[in-house]
Amino acid sequence: MLAQIAAETRRSWVADPKKVKTSDFVIEVGSEAKQRSDRLKAKTAASKQAWFGAVGLGSDSKAEKKKRQHGRRELRRSVRRV
């Protein structure tokens, strides 16, 4: 319905209104959009991995981060006791 409204609005502004088709205004959401999203996520992950490697960091999982934070907490406690 919105595509029809957009097409009619556009027809009032163009020189040849017969060339404006409603199908030009239909937004496609489906497999193509999902593939584009998946490609973007893959590129982002590859970029992060490359930068982490260049800087000397690891791409940690949540479990590894928790383990490291727990270790730091234990280290702080042991230093306070001394």
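Going by the structure above, here's the rest.
Bear in mind that the values here come from a model prediction, so they are computed numbers and not experimental data.

**Re the environment of S23**
- As for its position among the elements, S23 is in the loop between α1 (2–11) and α2 (31–55).
- A relative accessible area of 52% means that S23 is categorised as exposed.
- Here the alpha-carbon distance between S23 and Q4, two residues 19 residues apart in the chain, equals 8.6 Å.

**Comments concerning a nonpolar patch on the surface**
- On the surface, M1, L2 and I5 cluster together into a nonpolar patch covering about 400 Å² of accessible area.
- Within the secondary structure layout, L2 lies in helix α1.

**With respect to the pattern of salt bridges**
- Taken as a whole and judged by the stated rule, the model has one salt bridge.
- With a closest N to O distance of 2.5 Å, R11 and E8 form a salt bridge. Here R11 and its partner E8 are both found in helix α1, three residues apart, which amounts to about one turn of the helix.
- Overall, R11 belongs to the partly exposed group, its relative accessible area being 22%.

Reading the values: the criteria
Residues numbered from 1 in each chain as written. Predicted model: local features only at pLDDT ≥ 70, side-chain atom pairs only at ≥ 80, totals over all residues. Heavy atoms only, no water. Helix = DSSP H or I, 4+ residues; strand = E, 2+ residues; numbered from the N terminus. Buried < 20%, exposed > 50% of the residue type's maximum accessible area, 1.4 Å probe, protein only. Patch = residues over 30% accessible without salt bridge, like charges linked within 9 Å, V, L, I, M, F, W, Y side chains within 5 Å. Areas by Shrake-Rupley, 256 points an atom, 1.4 Å probe, with all protein chains shown as cover. Salt bridge = Lys/Arg side-chain N within 4 Å of Asp/Glu carboxyl O.

In short, shape yes, function no, at least from these values alone.
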